[in-house]
Amino acid sequence: MIQLENVRRTYSRYGQTVTALECDALVIARGEYVAVVGPSGSGKSTLLSLLGGMLTPTSGRILLDDQSIYDQTIDVRAAIRRERMGFVFQTFNLIPYLTALENVQVPLGLNGVSPSDQWRLASEVLRRFGLGDRLNHKPSELSVGQQQRVALARTLVNDPQIILADEPTGNLDPASREVVLNAFDDCYAEGRTIITVTHDLTAAARAKRRLVLSDGRISDGSKSYTKAA
């Protein structure tokens, strides 16, 4: 379970304090599939970074299974991300000089998996996404849709409990978008928690719950999780 308690994130711009996100209370249960929608600049990526242990809140607490993430050391937070979370980005963040297989092996290596098991596990997940004939291709030799599938394979190969996705279908053709969304459906069926930030109405419709962000404030249907303006 993920909880936000009195979370506020601000930054300075031209000598003024700007509130990027403000949330009194929010709970995302284990195994939920949540889409976060809202206009550009509304705080969606800020929320995802806070949830992923990558952006310290100005005030308040973010808890994962009753453990306050930002009360932990940097090393412990890194271990939480590595062992329990998977990230999917619109820009893929593939290493350009590594093959598809080697890119997917990276998180396995960081978790101390043996080289033979790295090859086996990475090959299996890439074949799952229809890339069995692209194992030795570098990112520049793959289409945009294939690159996103490699990135998704890299995310799932460590069997994360929580998947955080930032515009995962933003640059994809319809066929590749469907591959990604089907994978999310499978992850949800397996009991994983999925939180995806998206402008894609088709992608948002696949989620089971929708959070709406506007000017850094979160609403969920008729229930508000934000302070009054």
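Our subject is the structure listed above.
Residues numbered from 1 in each chain as written. Predicted model: local features only at pLDDT ≥ 70, side-chain atom pairs only at ≥ 80, totals over all residues. Heavy atoms only, no water.

Is there a simple way to think about the pattern of salt bridges in this case?
Oppositely charged side chains may form a pair once their charged atoms are brought near each other. Considering all chains together, one arrives at 17 salt bridges under this definition. The salt bridge involving Arg-209 is made with Glu-32; its shortest N-O contact spans 2.8 Å. Residue Arg-209 is found in strand S9 (residues 209-214), and its partner Glu-32 is found in the loop between strand S2 (16-28) and strand S3 (33-37); the two are separated by 177 residues along the sequence. Exposure class is identical for Arg-209 and Glu-32. Each is buried. Two residues, Glu-124 and Arg-120, come together in a salt bridge whose shortest N-O distance is 3.6 Å. Taken as a pair, Glu-124 and Arg-120 lie in helix H4 (residues 115-128) at a separation of 4 residues, close to a single helical turn. Among the charged side chains, a salt-bridge network with shared partners connects Arg-8, Glu-22 and Arg-217. (Salt bridge = Lys/Arg side-chain N within 4 Å of Asp/Glu carboxyl O. Helix = DSSP H or I, 4+ residues; strand = E, 2+ residues; numbered from the N terminus. Buried < 20%, exposed > 50% of the residue type's maximum accessible area, 1.4 Å probe, protein only.)

Hey, could you run me through the nonpolar core in this one?
A general feature of soluble globular proteins is that nonpolar side chains tend to end up buried together. With 35 residues, the main nonpolar core has Val-104, Leu-126, Phe-129, Val-150, Leu-152, Ile-163 and Phe-184 as its most contacted residues. At the level of secondary structure, the elements contributing two or more residues to this core comprise S3, helix H3 (100-110), H4, helix H5 (144-156), strand S7 (162-166), helix H6 (174-189) and helix H7 (201-206). In this structure Ile-163 touches Gly-86, Val-88, Leu-156, Phe-184, Cys-187, Arg-192, Thr-193, Ile-194 and Ile-195, once residues within four positions along its chain are discounted. Grouped together as the second largest cluster of nonpolar side chains are 27 residues, Val-36, Ile-62, Leu-64 and Ile-80 included. (Core = buried A, V, L, I, M, F, W, Y, C linked by side-chain atoms within 4.5 Å. Contact = heavy atoms within 4.5 Å.)

Where do I start with the packing of H5 against H6 in this structure?
Axes are the key here: two packed helices are described by the angle between their axes and the distance separating the axes. Running from amino to carboxyl end, H5 crosses H6 at an angle of 15 degrees, the nearest separation of the two axes being 9 Å. Relative to H6, H5 is oriented roughly parallel. Viewed along their axes, H5 and H6 form a crossing whose handedness is right-handed. Residue-level contacts link Gly-145, Gln-148, Arg-149, Leu-152 and Leu-156 of H5 to Ser-176, Val-179, Val-180, Ala-183, Phe-184 and Cys-187 of H6. Split into classes, the residues belonging to the contact of H5 with H6 amount to 7 nonpolar, 3 polar and 1 charged. (Axes fitted to C-alpha atoms, helices over the stretch in contact; angles between N-to-C directions. Parallel < 35°, antiparallel > 145°, perpendicular 65-115°, else oblique. Left-handed = near helix turned anticlockwise from the far one by under 90°. Nonpolar A, V, L, I, M, F, W, Y, C, P; charged D, E, K, R; others polar.)

Looking at this model, I keep getting lost on the pairing of strand S1 (residues 2-13). Mind explaining?
Regular strands place side chains that alternate from one sheet face to the opposite one. As judged from the 11 bridges shared by S1 and S2, these two strands associate in the antiparallel manner. Note on S2: the bridge partner recorded for Thr-10 is Thr-19. In this structure, the hairpin formed by S1 and S2 is closed by a connection of 2 residues, where Tyr-14 is found at a positive phi of approximately 50 degrees. Sheet analysis places S1 next to strand S4 (residues 59-64), joined by 5 bridges and oriented antiparallel. Bridging from a neighbouring strand, Ile-2 pairs with Leu-64 of S4. (Pairing = 2+ DSSP bridges.)

What exactly am I supposed to notice about the environment of Gln-118 here?
By secondary structure assignment, the location of Gln-118 is in helix H4. Sequence-wise, Gln-118 and Leu-181 are 63 residues apart; in three dimensions their C-alpha atoms are separated by 25 Å. The residues contacting Gln-118, other than those within four sequence positions of it, are Gln-105, Leu-108, Gly-109 and Val-113. Reaching out from Gln-118, the side chain makes a polar contact with the backbone oxygen of Val-113 at a distance of 2.8 Å. (Polar contact = N/O pair within 3.5 Å; in protein donor to acceptor, adjacent residues only side chain to side chain.)

What am I meant to see in the packing of H3 against H4 here?
Contact pair H3 / H4: the axes reach a minimum separation of 9 Å and the direction vectors enclose 125 degrees. On the basis of the axis angle, H3 is oblique to H4. The element H3 and its partner H4 pack so that their crossing is right-handed. Residues Ala-100, Leu-101, Val-104, Gln-105, Leu-108 and Gly-109 of H3 pack against Pro-115, Gln-118, Trp-119, Leu-121, Ala-122, Ser-123, Val-125 and Leu-126 of H4. Looking at the contact of H3 with H4, its residues break down into 10 nonpolar, 4 polar and no charged.

Is there a simple way to explain H6 in this structure?
What sets the pattern is the α-helix's 3.6 residues per turn: residues three or four places apart point alike. The terminal C-alpha atoms of H6, which comprises 16 residues, lie 22 Å apart, in line with the 22 Å expected from a rise of 1.5 Å per residue. Taken together, the buried positions of H6 are occupied by Ser-176, Val-180, Leu-181, Ala-183, Phe-184 and Cys-187. For H6, the arc enclosing every buried residue in end-on projection is 150 degrees, short of the 170-degree limit, so these residues lie on one face. When the buried face of H6 is taken as reference, the exposed residues oriented beyond 90 degrees from it are Pro-174, Ala-175 and Ala-189. Those residues of H6 that are buried lie in contact with S3, H4, H5, S7, strand S8 (193-197) and H7. At the N-terminal boundary of H6, the capping side chain belongs to Asp-173, with an oxygen 3.1 Å from the backbone nitrogen of Ala-175. Gly-191 sits one or two positions beyond H6 and adopts a positive phi of about 95 degrees. (Expected span 1.5 Å × (residues − 1). Arc of directions from axis to C-beta.)

Any functional reading would require information beyond the geometric quantities listed.
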